[in-house]
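# Coordinate inspection notes
Spelled out, the chains give:
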Amino acid sequence: MLKQIEGSHAMAEGIALCRPEVICAYPITPQTHIVERLGEMVRTGELKNCEFINVESEFTALSVAIGASAAGARAYTATASQGLLFMAEAVYNAAGLGLPVVMTIGNRAIGAPINIWNDHSDAMSMSDAGWMQLFAETNQEAVDLHIQAFRLAEELSMPTMVCVDGFILTHAVERVDVPEQAEVDDYLPAYEPVQVLDPNDPISIGAMVGPDAFTEVRFLQHYKQTLALRLISEFAGEFKKQFGRDSGGLLRTYKIDDAEVLVVAMGSVNGTIKDTIDEMRADGIRIGLVTLVAFRPFPVEALRKVLVGPKHVVVIEKSLAVGMGGQLALHVDLALRNVAGAPQVHSVVAGLGGRPITRPSLHRLFRRALVQPWEGTHFLDLNEEVIAKELHYVRKVRRSGPTAENLLRRLRTGAQKPAAD
Amino acid sequence: MTNGTTSAAIQKLHFYQKGTFTVGNRLVSEADRSVQASIDRSNALTCGHRACQGCGEALGARYALDAALRAAGGNLIAVNATGCLEVFTTPYPETSWQIPWIHSLFGNAAAVATGVAAAMRVKGRPEIRVVAQGGDGGTTDIGFGCLSGMFERNDDVLYICYDNEAYMNTGVQRSSATPPAARTATTPAVGPQPGNVFGTGKSVPKIAVAHGIPFVATATVADLHDLERKVVKAMGIHGARYLHIHVPCPLGWGSASQDTIRLAQLAVECGMFPVFEAEHGVVTGRRKIRRRVPVEDYLKPQRRFAHLFTTEEGRKCISQLQAMADRNIAEYRLFDWEGDVE
Amino acid sequence: MKRPFAISLDVGTSLANLTGSWRTSRPVYVDRLPPCNNACPAGENIQSWLYHAESGDYETAWRTLSIDNPMPAVMGRVCYHPCENVCSRSQLDEAVGINSVERFLGDVAIRNGWRFAPPQADTGKRVLVVGAGPSGLSAAYHLRRKGHAVEIREAGPFTGGMMRFGIPKYRLPRDVLEAEINRIIDLGVVMKLNTKIDHVVDSMQAGRFDAAFLAVGAHIGKRAYIPAGSAAKVLDAVALLRSMEGEDKPLLGRRVVVYGGGNTAIDAARTARRLGATEAIIIYRRTRDRMPAHDFEVEEALQEGIMMKWLSTIKRMDEGVLTVEKMQLDEKGFPQPTGEFEMLETDSLVLALGQDVDMSLLDGVPGLKIKDGVVQVDSNMMTGYAGIFAGGDMVPSERTVTVAVGHGKKAARHIDAWLRGAIYTPSEKHELASIEKLNTWYYADAPKTVRPMLEVARRQSTFEEVQGGLDETNALYEARRCLSCGNCFECDNCYGVCPDNAVIKLGPGQRFRFNYDYCKGCGVCAQECPCGAIAMVSEEI
């Protein structure tokens, strides 16, 4: 059913269609509207046969989901940013135990400095925890990915994160086609756990595993994710058959056939990039886009297939590995490892902490890739003047104070040194 | 048989000469015997586990879970925090558990149990009961947030803390359940104030009572009947329940392996470990001291307190510990003074 | 179900891990000797019969008891119960009332008419028992149960010996005595009364006896030289007590003095009181704490109005007047005369100064040794004449009914062996289960049951039994006070307290077994065994 609806609410309704049995809620912006709406649906009876539990922390939220999942219930929770870090131990644990929890990440920056706006630092911080991670481009895809995520997670007995950009998706009111229950029921079978806490067939789950078997346990996790590379495409295909639209998959391409520059990105920014590409194509620049949906498992083969050919690849990402650079760019490098005639990869960090990624900035950036390709990491729209002043000040004054506050004052006053001095 | 008042008085004592405090008693009916006395008891925790010799926690866990298992008619799921109990029972490729059991993390046993209970409810299997268990570290420290949340939501979980008063699994470090003056690896018996610091630590049983949950009790491995009665009582209630079992640790306490039960007994008899129960925030029962002893009797067999017996300062510490015990005794009315008729 | 690899495990798989290899010492079940058993002159297995009694199985209890002692109802009345003096329970609250439970069992057995099992087979051997007192009856019982033909010859007209002639009815009703004696006779023991033996070797040959047990007791009252006027009435206590069995009751008068400090003196004084004496005075040359009589008997006598004169000796008896000299104790505690005299009005004087043995039947038996008026026997109870054994008051020992019964049993074992040409070797005594071997925590407080006592007024005028028995309820209660020192009573403690489930419960009456595959040797079971029935022994490593 087509609805003008806030992204969070659309996702909530899509999640409800998956018949989750245990939902754990703990507030953190920007995912709150999802669980609020789910809670409301449980209260009103729109979502039946579901335990909605208000917990006291994200760590507990995922822990409750772990217990519920191990006991055979379809379990769901959502979080973001600090919350994801606070539950980090449980994130690894759910994956290690092979429990198919589905969790929405309302992507948000990680402090300090504290920041509630969107970037991908949170999801990237947990990318090696053993979860599958799918990034939504639109609210429609956000809804659809949750339905696919439950199927994928339960098929492989491996938890899955659906990553949706905070505010940009969660708080945007757009037209979304919320599927019918019967269709979802056809697509998503009931949860059939591979192991379950059952007095009639007792087992011990969560053994201590030493050097004799730990590597094998880890290998099997890794192996399952390689299986997911096939299943993600397969389930996206079935989804299309059932619902009639393209959603999910490992990656999507846009105008790549003759491109000499390819952009690689994840999440909602792809919309802006496509608009920019359309405008540049109108100017005769052969540029195309690869939208990554799956970050875990990372689709090395699929990516290599589409990236080999053009001369330049620009990787735009909303995350930064401090001291290293762009993480996604590094992953793209991996896809091109040992490939003859591989394109040059240019890394761009953009949109950190919710900074808008504008079409004019993208225009400048993409043109530069053609005429003045760069090595290292480029920071889009970095205020170099402020940086220079701060660096100068820090060099002069030992007790220079907190950088974030210094920058804010400079931006506000243009003063040479912080006003507080 | 005679009748009348004498007979009634005798009847009261009828089986009490032998077996009041023993595990079994051939003179009472099967139904009135302890679960542990049963020839076909479940042994939820079976042989071959790797607990140290004389482990109080292994004993307490089997006592509690066998009783819970019987009370639940076999429908029991256990959630375990990281710690000795987890490590010594489930090193790959062997487990000592005979019931469905899950270990997730150190600090989340209460929360995982909440999830299991929620699953049982949603699956329409409310007869399957959930027990969470952990050591004092996993309960009073790192797992405390989850525990408190489970309490305040009144989730249908019986949480059992096996309190051996320090982080034994990691090599005997101080926890918030470590008694003052005790030597641990992080409160060494050196310097002007050797051992754990006075005025620190917390009583999680008391905090549990403050949550107003349906049932809170303390127990020890020295009084099986009291422990089993409390487990059975707890299992008869739905909602959040807390059982705090004092389990001596020969390794961490520096005591002889055969003294495990004796020490648990002395801890109660000197007043250091009050055994009581509470319902909905109100203390409703206490286990009276039977043969009161000075705290020295309890401290002396433990090397973690050995430094108290060698110096004048140590003697003062013993007085302080005695004062703590006396406060417990007064607070919970653990001792019948002459003329104190209840 | 196919489990996920390594992180999930099949339940109970740790059974493959045999933790018994950690052990440096191992627990073993032992039976230690309970102090009561150790102290019982009759060698009763008290702990064992209490074990049955406390489950209400009185018949098994009685049968267990009577393996060692055929007269529980008598014992439960007259035994001075040294078992209770050493009972470990006395260190908790009060000794178990072993004697009262024994009496209860004896009485129940009489009431229900329980009989002894007859001997399995006759051996064809014949044993002569001389004397139908406790020792002779005991020997006859044990010998008969071993299949020997036994004949008792008793010089007097009644069975029972000192149980009848030395113990007043108010302590041992005669119907009880006779019931227990008859039960022994019913085993097929030939009882010949009024048959005095003059020469035992001749009698043995004449009767084709293969062995003899002599148990004629000590019935001759000792006399002391007391100058007495012609009309003074002086008699000995044994004669007095014996005459109580006849038709004619002795006439003692209103003021009776008993001279002596033993139990017989007390019995005589209390008998005198019941015969109508308004004053019954015991004169003893030392102090109360040195009196050989048992304290409870002294106490009961005092309750009945018997008066005591300590530190006094009788110098002279004239008609109606007694001259008494006061004594004082010297540094060594011996009484010394003071030269202070007092006169005491009295109608008769009863001498209770001990008894001698009538040795006349031993005349002409070669090899026999007699010393200090008693027959010497070796450690097998045999006299210097092969095949002739002796016991009871006629051999050197404490003169109590229980000791006599014990002699009978011991002699019977040696006679039995001797008849088979063997030597009886008693099994080695187990280590004593002293109180420090117990963990008394596990026994709840349970004070001793006090047996009802006849009111004093009736005790002063009648020969009704003074001390009542227990009823079933309190007998059961009392039996259950037993700590079962040194012997497993299946309390399940070891089974319950093992942190490694390494104790196997074998079922009712079967006790337990250690599972050394898993026992880590922590020793908690031994420490927590209430009755000290587990020992820790080092592993040989």
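Predicted model only: the values in this text are computed from it and were never measured.

Another aspect to go through is the overall build of chain A. From N to C terminus, chain A includes 15 helices and 16 strands. In summary, chain A has a C-alpha radius of gyration of 22 Å against a globular reference of 22 Å for 421 residues, a match within 12%. Per-residue burial for chain A yields a buried fraction of 58% across its 421 residues. Carbon together with sulfur atoms contributes 53% to the accessible area of chain A, which is approximately 17,000 Å² in total.

The subject of this paragraph is the overall build of chain B. For chain B, the count of helices and strands is twelve helices and eight strands. Here chain B has a C-alpha radius of gyration of 20 Å; the compact-globule value for 342 residues is 20 Å, and the two agree. Viewed in the frame of its principal axes, chain B has a C-alpha envelope of about 60 × 60 × 40 Å. Taking all 342 residues of chain B together, the buried fraction comes to 64%. At a minimum sequence separation of 6, the contacts of chain B that also span at least 24 residues come to 70%. Carbon and sulfur atoms form 54% of the exposed surface of chain B, whose accessible area is close to 11,700 Å². Here chain B contributes 35 positively and 32 negatively charged side chains, and the mean placements of these two sets differ by 1 Å.

Below, the discussion takes up the interface of chain C and chain B. Tallying the contact residues gives 59 residues for chain C and 60 residues for chain B. Taken over both partners, the interface formed by chain C and chain B buries close to 5,200 Å², and the fraction arising from carbon and sulfur atoms is 55%. Among the residues chain C hides against chain B, the three largest losses belong to Trp441(C), Arg480(C) and Asn501(C). Together they make up 17% of the total. For the pair chain C and chain B, the number of links is one salt bridge.

This part takes up the packing of aromatic side chains. Within the structure shown, the criterion is met by 27 aromatic pairs over all chains. Between Phe295(A) and Phe298(A), the ring centres sit 5.7 Å apart and the planes meet at 80°, which makes this aromatic pair edge-to-face. The interplanar angle of 5° and the centroid separation of 5.3 Å between the aromatic rings of Trp62(C) and Phe116(C) together place this pair among those described as stacked. Here Trp62(C), found in helix α3 (residues 58-68), pairs with Phe116(C), found in the loop between α6 (98-112) and β3 (126-130); they are 54 residues apart in sequence, far enough to count as distant. When sorted by exposure, Trp62(C) lands in the same class as Phe116(C), which is buried. These aromatic residues form a ring-pair network of at least three members: Tyr29(C), Tyr495(C), Phe512(C), Phe514(C) and Tyr516(C). A cation over a ring is seen here: Arg26(B) above Tyr51(C), with NZ or CZ 3.5 Å from the ring centre. In this arrangement the basic side chain of Lys202(B) is found over the ring face of Phe144(B), its NZ or CZ atom lying 4.0 Å from the centre.

So, about the confidence of the model for chain B. Summarising the model, chain B shows a mean pLDDT of 92, and 92% of its residues fall at 70 or more. Between residues 1-16 of chain B, whose pLDDT stays under 50, and residues either more than four places distant or in other chains, the model counts 18 contacts.

In the segment running from Arg296(A) into Pro297(A), the intervening peptide bond is cis, with an omega of -5°. By the secondary structure assignment, Pro297(A) is in the loop between β13 (294-296) and α11 (300-307). Residues Tyr92(B) and Pro93(B) are joined by a peptide bond in cis, for which omega reads 10°. Tracing the backbone through its elements, the reader meets Pro93(B) in the loop between α3 (84-89) and β2 (101-103). Of note, Arg511(C) is a non-glycine position whose phi angle comes to about 60°, a positive value. Along the polypeptide, Arg511(C) turns up in the loop between β20 (503-505) and β21 (512-514).

Moving on, we come to the sheet that holds strand β12 (residues 312-318) of chain C. All names here are of chain C. Pairing within the open sheet is antiparallel, and its three strands lie in the order β12-β13-β14. If you trace the sheet from one side to the other, it starts and ends with β12 and β14 (335-345), each paired once. Strand-to-strand twist across the sheet, computed as the mean angle between neighbouring axes with direction ignored, equals 20°. Sheet topology places β12 next to strand β13 (residues 321-329); six bridges connect them, and they run antiparallel. Note that in β13 the partner of arginine 316 across the bridge is threonine 323.

With that settled, the discussion passes to the nonpolar core. Within the largest apolar cluster, 103 residues are counted, with the highest numbers of intra-cluster contacts made by Val91(A), Trp131(A), Leu303(A), Leu307(A) and Tyr242(B). It is helix α4 (residues 109-122) of chain B that contributes the most residues to this core, eleven residues altogether. Viewed by domain, this core spans two of them, domain 1 (2-243) and domain 2 (251-379) of chain A, each represented by three or more residues. When sequence neighbours within four positions are dropped, the list of residues in contact with Trp131(A) reads Leu62(A), Val91(A), Ala94(A), Ala95(A), Val101(A), Met103(A), Pro159(A), Thr160(A), Met161(A), Gln225(A) and Arg296(A).

Right, let's get into helix α8 (residues 224-235) of chain B. Since the α-helix turns once every 3.6 residues, residues separated by three or four places project in the same direction. Between its first and last C-alpha atoms α8(B) spans 16 Å; for twelve residues at 1.5 Å apiece the expected length is 16 Å, and the two agree. Along α8(B), the residues that are buried comprise Leu224(B), Asp226(B), Leu227(B), Glu228(B), Lys230(B), Val231(B), Ala234(B) and Met235(B).

Taken together, the contact pairs 38 residues of chain A with 39 residues of chain B. With both sides pooled, the region where chain A packs onto chain B buries about 2,800 Å², and carbon together with sulfur makes up 64% of that total. Where chain A meets chain B, there are three salt bridges. The partner of Arg121(B) in a salt bridge is Glu51(A), with the nearest N and O atoms 2.7 Å apart. For the pair chain A and chain B, the interface holds 13 residue pairs in polar contact (both at pLDDT 80 or more). Put simply, the parts of the chain that give the side of chain A that touches chain B at least two residues each are β3 (51-54), α3 (58-70), α5 (88-96) and β9 (203-205) of chain A. In terms of residue count, the dominant contributor to the side of chain A that touches chain B is α3(A) (eight residues).

Turning next to the sheet that holds strand β4 (residues 75-79) of chain A. Residues and elements named next belong to chain A. Read across the open sheet, the seven strands follow the order β3-β2-β4-β5-β7-β6-β13; overall the sheet is mixed. Because the sheet does not close on itself, it has two edges, and the strands there are β3 and β13. Strand-to-strand twist of the sheet, defined as the mean angle between neighbouring strand axes without regard to direction, takes the value 20°. With six bridges joining them, strand β5 (residues 102-107) and strand β7 (residues 160-165) adopt parallel strand pairing.

Reading the values: rules and limits
- Each chain carries its own residue numbering, running from 1 in the direction its sequence is written.
- The lettering of chains begins at A and the numbering of ligands begins at 1, in the order of writing.
- Side-chain atom pairs in this predicted model are given and counted only at pLDDT of 80 or more, local residue features only at pLDDT of at least 70, and totals for whole chains, interfaces and linings cover all residues.
- No hydrogens and no water enter the side-chain calculation; it runs on all heavy atoms of the structure.
- Strands are runs of DSSP state E lasting at least 2 residues, helices are runs of H or I lasting at least 4, and numbering of each runs from the N terminus.
- This radius of gyration counts C-alpha atoms alone. The globule rule is 2.2 Å times how many residues there are, raised to the power 0.38.
- The buried label applies to any residue whose accessible area, calculated with a 1.4 Å probe on protein chains only, is under 20% of its type's maximum; exposed applies above 50%, and partly exposed to all values in between.
- For accessible areas, the Shrake-Rupley method is used with a probe of radius 1.4 Å. Any residue's cover is judged against the shown protein chains and nothing else.
- We call two residues contacting when some pair of their heavy atoms lies within 4.5 Å.
- Charge counting follows a simple rule: Lys and Arg are positive, Asp and Glu are negative, and His as well as the terminal groups are ignored.
- By convention, charge coordinates are those of NZ in Lys, CZ in Arg, CG in Asp, or CD in Glu.
- By definition, the buried area sums, over both parts, the 1.4 Å-probe accessible area that each loses when the two are put together.
- Salt bridges are defined as contacts in which a side-chain nitrogen from Lys or Arg sits within 4 Å of a carboxyl oxygen from Asp or Glu.
- In this analysis, rings of Phe, Tyr and Trp, with Trp reduced to its six-membered ring, are considered paired at centre separations within 6.5 Å, and the interplanar angle assigns stacked below 30 degrees, edge-to-face beyond 60, and tilted for intermediate values.
- For a Lys NZ or an Arg CZ to count as sitting over a ring, it must be within 6 Å of the ring centre and within 35 degrees of the ring normal.
- Per-residue confidence from the prediction method is given by pLDDT, with values spanning 0 to 100.
- At least two DSSP bridges between two strands are required for those strands to pair.
- For helices, the axis comes from a line fit to the C-alpha atoms of the stretch in contact; other axes are also lines fit to C-alpha atoms, and the angle between any two N-to-C directions lies between 0 and 180 degrees.
- To define a nonpolar core, start from buried Ala, Val, Leu, Ile, Met, Phe, Trp, Tyr and Cys residues and group those joined through side-chain atoms within 4.5 Å.
- Domain ranges listed in this record stem from an automatic or a database domain assignment.
- In a helix, the anticipated span is given by 1.5 Å times the number of residues less one.
- Nitrogen and oxygen atoms within 3.5 Å of one another constitute a polar contact, given that in protein one can donate a hydrogen and the other can accept it, and given that sequence-neighbouring residues count only through two side-chain atoms.

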